Each structure stands twice: as structure tokens, then as C-alpha cells.
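Here are the chains, one letter per residue:
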Amino acid sequence: MRVTTGKARGTPLKAPAGQLTRPTADKVKEALFNIIQFEIADAAVLDLFAGSGQLGIEALSRGASRAVFVDHREDACAVVRENLRRTRLEGQGSVVRADYAAYLNSCRDTFQLILLDPPYAETFLENSIKKLVEIDILQSGGIIGLERPVGKDFPLEFSGYSRSRDYKYGKTLLTFYRKV
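Treat the numbers as computed from the prediction; the structure is a model and nothing was measured.

### Here's the deal with the overall build of the chain
Assigned secondary structure in the chain consists of 5 helices and 8 strands. Along the chain, from the amino end to the carboxyl end, the secondary structure elements read α-β-α-β-α-β-α-β-α-β-β-β-β. Over its C-alpha trace the chain gives a radius of gyration of 15 Å, about what one expects of a compact globule, namely 16 Å for 180 residues. Here the C-alpha coordinates of the chain stretch approximately 40 × 35 × 30 Å along the principal axes. With 180 residues in all, the chain has 51% of them scored as buried. Taking the contacts inside the chain whose residues are at least 6 apart along the sequence as the reference set, 65% of them involve residues at least 24 apart. When the accessible surface of the chain is totalled, it reaches about 8300 Å², and 50% of it is carbon and sulfur. Once the 26 positive and 22 negative side-chain charges of the chain are each reduced to a mean point, those two points are 3 Å apart.

Here you go:
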């Protein structure tokens, strides 16, 4: 696992130990960021379910202005902090140890890009996007990018958002919602 492009290109990233974190494959991550490459410059980014922080770090490396990394596990938060130091991007990132729902319930910030890559077997994806639509922290024209497994049903539309087509990479689907 490494940063694929930008000012931290090639920097190897650590992942939390154990099987609780499923890092996004480099080819999927690169595809995700190639799809939204013109949306990243100076963006405020929320990396919900941060794990290693690789998605938010990739966004920072590609020109995002700042990123908030949220994970409920202390070991994951420690790895995100270390990866920010490794990439010399620690001044642009803040790490929050919190359950995603608790963070979203208290969030008063807004973002241009929200990245969701929660554990596949849970309902975190459905619940988090419903909450994001409800609390309205995505700026007008902003994007929610999500990763999900092939075969996982997901609502097609949310009020106030347009949906892109799905992009398939092996057993992974990438889907993007834009706030209209």
C-alpha cells in the first residue's frame, strides 16, 4: 500500500494490524482518484471509516487543502497519524477517534469530498450515507465517493443528489454522488 500520485507519491503506508481493516487496493484507489481528479484541488475532505487513512492521504497528496480522518479504533487512529507523518502531510490532517454516527451527529464542518469505505459486512455504508444526506455537511457540488462489494444492494438515489454509474474493479464497485 502506497500513495499513488502527488507530492507524497510512492510513500509506503502502514495498515492497522489484524483483519479488522481491509485496505483499498492500489488499483481501486488510483481509479477512484482518477475519476474525481478535477474535484480534489483545495478540497476539504472527510475520510470516514479511515482505517489506515490512505484515501484521505491520497487526496491531500493530490492537492486537497485539509482532511479529517475518523475511525473508532485507537490503533487505526495511531496508524493514520503515523502515515500523515511519513507523508509529511500532518499539518493538513486531523484525526478524530469516534464512532462514525457520533462524529456525524456532532459535526459542524462542511466538506467538498467525503470518502466512505466502511466494513463490507455491516450496514455502516447505508446508515452513514443516510445520515450524511440528513445532516447536510456536503457543500453544493460536492461529491460522496463510496466503495462497496459487487452484489451489495444500494439505493439508487437520494434526494438532492445525483448518482454516477458504478465503476467495477474486480469484486469492488465505486459509486459517486454529487450534491446538486
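### Describing the environment of Val 180
With respect to the element layout, Val 180 can be found in the segment after β8 (172-179). Note on Val 180: relative accessible area 66%, which makes it exposed. Between the C-alpha atom of Val 180 and that of Ile 143, which follows or precedes it by 37 residues, the distance is 9.7 Å. Apart from the residues within four sequence positions on either side, Val 180 is in contact with Ser 140, Gly 160, Tyr 161 and Ser 162.

### Notes on the side chain of Glu 126
Position of Glu 126 relative to the elements: it lies in helix α5 (residues 124-135). The exposure class of Glu 126 is buried, given its relative accessible area of 16%. With sequence-adjacent residues up to four places away left out, Glu 126 is seen in contact with Lys 152, Asp 153 and Phe 154.

### Some remarks on the packing of aromatic side chains
On inspection of all chains with the given rule, the structure shows 5 aromatic pairs. When the centroid spacing of 5.3 Å and the interplanar angle of 65° are considered together, the rings of Phe 158 and Tyr 177 count as edge-to-face. Highlighted residues: Phe 158 in the loop between β5 (138-149) and β6 (161-163) and Tyr 177 in strand β8, separated in sequence by 19 residues. Each member of the pair, Phe 158 as well as Tyr 177, is classed as buried. An aromatic cluster is built from Phe 49, Tyr 100 and Phe 124, whose rings are joined through pairwise contacts.

### Describing the side chain of Arg 163
Along the chain, the position of Arg 163 falls in strand β6. At 2.7 Å, the side chain of Arg 163 and the side chain of Asp 166 are in polar contact.

Cut-offs and rules
- Residues numbered from 1 in each chain as written.
- Predicted model: local features only at pLDDT ≥ 70, side-chain atom pairs only at ≥ 80, totals over all residues.
- Heavy atoms only, no water.
- Helix = DSSP H or I, 4+ residues; strand = E, 2+ residues; numbered from the N terminus.
- Rg over C-alpha atoms; globule rule 2.2 N^0.38 Å.
- Buried < 20%, exposed > 50% of the residue type's maximum accessible area, 1.4 Å probe, protein only.
- Contact = heavy atoms within 4.5 Å.
- Areas by Shrake-Rupley, 256 points an atom, 1.4 Å probe, with all protein chains shown as cover.
- Lys, Arg positive; Asp, Glu negative; His and termini not counted.
- Charge placed at Lys NZ, Arg CZ, Asp CG, Glu CD.
- Phe/Tyr/Trp six-rings, centres within 6.5 Å; stacked < 30°, edge-to-face > 60°.
- Polar contact = N/O pair within 3.5 Å; in protein donor to acceptor, adjacent residues only side chain to side chain.

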